[in-house]
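An overview of the molecular structure
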Amino acid sequence: MKNQILMGLNGDEAVAYATKQVNPDVVAAYPITPQTIIVERFSEYVADGEVDTEFVAVESEHSALSSCIGAAAAGARAFTATAANGLALMWEMTYIASGMRLPIVMAIANRALSGPINIPTDHSDSMGARDSGWIQIYCENSQEVYDASLAAWRIGEHLDVQLPVMVCLDGFTLSHTMENVYTLPDEKVRDFVSERKFIKVEGHMGETELRLNPECPLTMGPLDLQDYYFEHKLQQIDAMKQALKAIPEIDAEYAKISGRSYDFLHPYRMEDTEVAILGLGSTMGTVRYVVDQLREEGVKAGLVKMRVFRPFPVEELIKTVGNVPVLGVLDKAASFGAPGGPLYEEVKTTFYDQPEKPMVVDYIYGLGGRDTSPQMIRGIYENLMGVLERGSVSDRVCFVGVRQ
Amino acid sequence: MSERFPGWRELPKGAVSPKSSIEYKTGDWGVEKPGIDLGRCTQCTLCHFFCPEGAITISEDGHPEVGMDYCKGCGVCAEECPVKCIEMVRKR
Amino acid sequence: MVSGLTLKEAARKPDGIAPGHRLCAGCDETVIARMILKATRGPTIATSATGCLEVATSIFPYTAWNLPWIHSAFENAAATASGIEAAWQAMRKKGKGPLAEYETVDIIAFAGDGGTYDIGLQALSGALERGHDFTYVLLDNEAYMNTGIQRSGGTPFAASTTTSPAGKVIPGKREWKKPIDEIVIAHGIPYVATLSAAWPLDVIRKARKAFEVEGPAFLHAIVPCTRGWRYPQEKTIEISRLAVQTCFFPLYECRFEEGRPVYKLSGPSAAIARRPESKKPVLEYLEMQGRFRHLFRPERRDDLIDSIQAWVDQNWQILLEKVG
Ligand SMILES: Cc1ncc(C[n+]2csc(CCOP(=O)(O)OP(=O)(O)O)c2C)c(N)n1
Ligand code: SF4
Ligand code: SF4
């Protein structure tokens, strides 16, 4: 941590501070709790002349992402942030940003989607955008938020990737909670993020960088019908595959300058584990606390925190939990009418063809900000131990912390 | 047209368009085409502006030329020519 | 006079939109758009809202755009343009980035009446209020043509569209055309002008002024649509002309000077103001268009024709008062 400055930052401030250090060309954003601090802090940086960024105080989230799309298409680095209904209002544009292969970075201060309207955190907002073609990184604490807010640019702009990136942080639990964060010196950040890189494309007027270039005009966002649309989607599918290779590259580079190593999955006490929990975001801090207690009690408990949900790290997941007898999946979002929550479904899909696989139970929890206590997590482990003893799953999907 | 459609690796990323529409001929759309009596043409250039296709270009010496690859035969040019020197005639 | 902008010079300037696009034969959209693009000063970036112009010029793998162009969605042309402009401003400020070197970039947003009066009004208002340096072009064909002639806030009273059909009881659209120019002018932006393709030089000069002013400019073009208005395709320019000659769509400019809008009639409308007897009855305009056919057949609806004439007269009078 030599040369790093320890700062007290909440998650939103960590996003704003990292983004200040990146000094993107355009930030277009609209306030929504619990993301507001990001826009407010960033506006202060602009007002104080600490960044050269053009801050576009748009009149809606739809326009926020539309402006980012215009800016990124013009060759700028563009950033926005939102939550819940704001992300829902952007929905149309999320697909368009990824379809145009624009490496925009967006912070999501996760908040439960209306209705009824709610403000605290769950993952219904970003999970609803899981098929929008954005890379999704989920953070456990402010440090991770800061680090991801820097790495996101490099991941999205990687020449083999060229996709937009969402950095997800749980509303209030992270967005509004002050923590110690090691921050890099400005020069180190500048060297790391460097300048935006463009891929070359063969447009109708010749080869040019993928941007609105007055010297060699390109057409972006055409009408793309049955004969070509599918091929363009396959390119996006491939870009996500490339991201599986690019993310470890960028993470390794970041580890060199920061001393902090990241991966798709962060296993904890998974050596000889019999019961494990897989989940996303800040809850995993609570789970870790419970795992330590259980280990002291002699229970072979472990956890796996998933940091990157898109692209989904299939092989890593198989390697990490393939030989665990029982796996509980934490889903902070419901998928109405579906077999289970979104993370659960992907885990089960991952293991369907595997000869060796865990028994899997889905635990849907924390909707609308419902508190998730260590006691509840302990209850989940006890439940998982019951599955281990019985050797079978009775309830595939359980709802934790809800009154019957 | 036996066009071979390119595979996903061959297409430019980001769905940017690889071809100019000048490769797409619309000259077979209508049944009529303009015949310009250049002797009476005053070189006002209005037909160049009014043609929805941009099919009428102005040559070096100032007279209009109709690009038959693109003319859709709408008749706007003939209708608007101030000296009525354009007449619509059958394409074939 | 703006230099370099005679018709002969403009005619030699390469077109911003190439032939080979797939708009209907006789469509006015590219007529006006090509004129506007003749007025660009240099580096130009355009965006289009979803609609006829966008769709028919960009059917993959072909594009008719000879300049950098982006379409992202229907309701956000002004927001997309805001982002492009912000990108250019930021790069200039930083002195780096691909657009850093350009002294001027003419940033143009094209949108239809649906994309402006209705679904795009919020994004437009936001962009005008923020004061981005761009030109918004409203291509007003008075209905959602691309999706099959549905009514919009820009559709005139009594016009028959597929969602305001002339029926046995209701004779077409029941509401009057939304006063979009006044809504835009109320934002206090530096330049607003109305356009008709029948006067190419007027269009080109106004477009150049729009590019030259600092801050947002709004160009509102009347854009006859042969399919939706139901008239013979060769009549496109004639109808553009009649719209002005009847004062259904007067030509004027409005600059914002010293905190107030200053209106000025343009050539053909100024001539009518000087010689009121030259103003043609709106009947001539309505008669030519199938969308107003039910005003004449099976029986003639003088009541409706008269009320349209009264609407035209009143708006014209109000405009004359503003011009002073
Ligand atoms: C959000 C959204 N809603 C609806 C549509 C469908 N749509 C595409 S173009 C269009 C109408 C365009 O009308 P207008 O703006 O008047 O342009 P025109 O086609 O008449 O030139 C509609 C309704 C869409 N593309 N996106
Ligand atoms: S007939 Fe129509 S398309 Fe053909 S040259 Fe004349 S105006 Fe252009
Ligand atoms: S429907 Fe109307 S506006 Fe659309 S291309 Fe045809 S004539 Fe033009």
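Here the structure is a predicted model, which is why all the values come from computation and not from measurement.

Let's shift gears to the overall build of chain B. Along its length, chain B carries two helices and five strands. For a compact globule of 92 residues, the expected C-alpha radius of gyration is about 12 Å, and chain B comes in at 17 Å, more than 25% above that figure. Structurally, chain B occupies a C-alpha span of about 55 × 30 × 20 Å along its principal axes. Considering chain B as a whole, with its 92 residues, one finds that 49% of them fall into the buried category. Within chain B, residue pairs in contact and separated by at least 24 positions form 60% of the contacts whose partners lie at least 6 positions apart. Summed over its atoms, the accessible surface of chain B is roughly 4,700 Å², and 52% of this surface lies on carbon and sulfur atoms.

Residue and element names in this part refer to chain C. Residue-level pLDDT values for chain C average 97, and 99% of them are 70 or greater. Predicted confidence in chain C is weakest over helix α1 (residues 7-12), with a mean pLDDT of 95, and strongest over strand β7 (residues 217-222), with 99. In the predicted assembly, ipTM is 0.97 and pTM is 0.98.

Attention shifts here to the interface of chain A and chain C. Size of an interface, as often reported, equals the accessible area lost when the parts are brought together. Each partner contributes residues to the interface: chain A has 46 residues there, and chain C has 41 residues. Here chain A meets chain C over a buried area of about 3,400 Å², counting both sides, of which 63% is carbon and sulfur. Between C:K94 and A:D25 there is a salt bridge, with its nearest N and O atoms 3.0 Å apart. Joining chain A to chain C, the criterion identifies 19 residue pairs in polar contact (both at pLDDT 80 or more). Breaking the side of chain A that touches chain C down by element, the ones donating at least two residues are β3 (54-56), α3 (61-73), α4 (84-99) and β11 (219-220) of chain A.

Once that is clear, we can look at the nonpolar core. In this structure, A:I69, A:Y146, A:V347, C:Y136 and C:Y285 are the most contacted members of the largest nonpolar core, which totals 177 residues. A per-element tally of this core places helix α4 (residues 77-94) of chain C first, with nine residues. Counting the residues that make up this core, at least three belong to each of domain 1 (5-199 + 238-257) and domain 2 (265-400) of chain A. Grouped together as the second largest cluster of nonpolar side chains are 48 residues, C:F110, C:L195, C:A197 and C:I237 included.

As a further point, take the interface of chain A and chain B. Contacts between the two partners involve 22 residues from chain A, matched on the other side by 15 residues from chain B. Roughly 1,600 Å² of surface becomes buried between chain A and chain B when both sides are summed, with 63% attributable to carbon and sulfur atoms. The three residues of chain A that bury the most area against chain B are A:H204, A:Y228 and A:Q235, which together make up 32% of that side's buried surface. At the junction of chain A with chain B, the criterion picks out zero salt bridges. Along the contact surface separating chain A from chain B lie four residue pairs in polar contact (both at pLDDT 80 or more). Counting residues per element, the side of chain A that touches chain B draws most heavily on helix α8 (residues 229-258) of chain A, at five residues.

It is worth spelling out the layout of surface pockets at this point. One number sums up the size of the largest pocket: a volume of about 840 Å³. Those elements that place two or more of their residues in the lining of the largest pocket are α4 and α8 of chain A together with α3 (52-57) of chain C. Take the lining of the largest pocket: its biggest share by element is seven residues, from α8(A). Within the lining of the largest pocket, the residues separate by chemical class into 13 nonpolar, eleven polar and eight charged. Lining the lining of the largest pocket are residues from two domains, each supplying at least three of them: domain 1 (5-199 + 238-257) and domain 2 (265-400) of chain A.

What follows is about the site of ligand 1. Taken together, 18 residues are adjacent to ligand 1, and C:C52, C:G114, C:G115, C:A143 and C:M145 come closest. Around ligand 1, the nearby residues trace back to chains A and C. Contact between ligand 1 and C:C52: an oxygen atom at 2.9 Å from a main-chain N or O atom of the residue. Between ligand 1 and the protein, one listed contact pairs an oxygen atom with a backbone N or O atom of C:N146 at 3.0 Å. In the complex, the protein chains occlude 78% of the 580 Å² of accessible area that ligand 1 would expose alone. For the shell around ligand 1, the residue count by class is six nonpolar, eight polar and four charged.

Time to look at the side chain of C:S152. Residues and elements named next belong to chain C. Relative to the assigned elements, S152 resides in the loop between β5 (135-140) and α7 (180-185). A residue is classified by how much of its surface remains accessible, and S152, at 0% relative accessible area, is buried. In terms of polar contacts, S152 uses its side chain to reach the backbone amide nitrogen of G154, at 2.9 Å. Those residues within four positions of S152 in sequence are excluded, and the remaining contacts are D113, G114, D118, E142, A143, Y144 and K173.

A word on the pairing of strand β1 (residues 44-48) of chain C. Remember that side chains alternate between the two faces of the sheet whenever the strand is regular. All names here are of chain C. The buried fraction of β1 is high, at five of five residues. Every second residue of β1 is oriented toward a common face, with T44, A46 and S48 on one face and I45 and T47 on the other, all of them buried. Looking at chain direction, β1 and strand β4 (residues 106-112) are connected through five bridges and run parallel. Following the sheet pairing, S48 is matched in β4 by F110. Sheet topology places β1 next to strand β3 (residues 69-71); three bridges connect them, and they run parallel. Of the residues in β3, the one forming a bridge with T47 is I70.

Basis of the calculations
- Residues numbered from 1 in each chain as written.
- Chains lettered and ligands numbered in written order.
- Predicted model: local features only at pLDDT ≥ 70, side-chain atom pairs only at ≥ 80, totals over all residues.
- Heavy atoms only, no water.
- Helix = DSSP H or I, 4+ residues; strand = E, 2+ residues; numbered from the N terminus.
- Rg over C-alpha atoms; globule rule 2.2 N^0.38 Å.
- Buried < 20%, exposed > 50% of the residue type's maximum accessible area, 1.4 Å probe, protein only.
- Contact = heavy atoms within 4.5 Å.
- Areas by Shrake-Rupley, 256 points an atom, 1.4 Å probe, with all protein chains shown as cover.
- pLDDT = per-residue confidence, 0-100.
- Buried area = accessible area lost by both parts, 1.4 Å probe.
- Salt bridge = Lys/Arg side-chain N within 4 Å of Asp/Glu carboxyl O.
- Polar contact = N/O pair within 3.5 Å; in protein donor to acceptor, adjacent residues only side chain to side chain.
- Core = buried A, V, L, I, M, F, W, Y, C linked by side-chain atoms within 4.5 Å.
- Domains from an automatic or database assignment.
- 1 Å grid on protein atoms, 1.4 Å probe; cavity = no way out; pocket = protein on both sides within 12 Å on 5 of 7 lines; lining within 4 Å.
- Points joined across faces, edges and corners; volume = space filled by probe spheres on them.
- Nonpolar A, V, L, I, M, F, W, Y, C, P; charged D, E, K, R; others polar.
- Near = heavy atom within 4 Å.
- Pairing = 2+ DSSP bridges.

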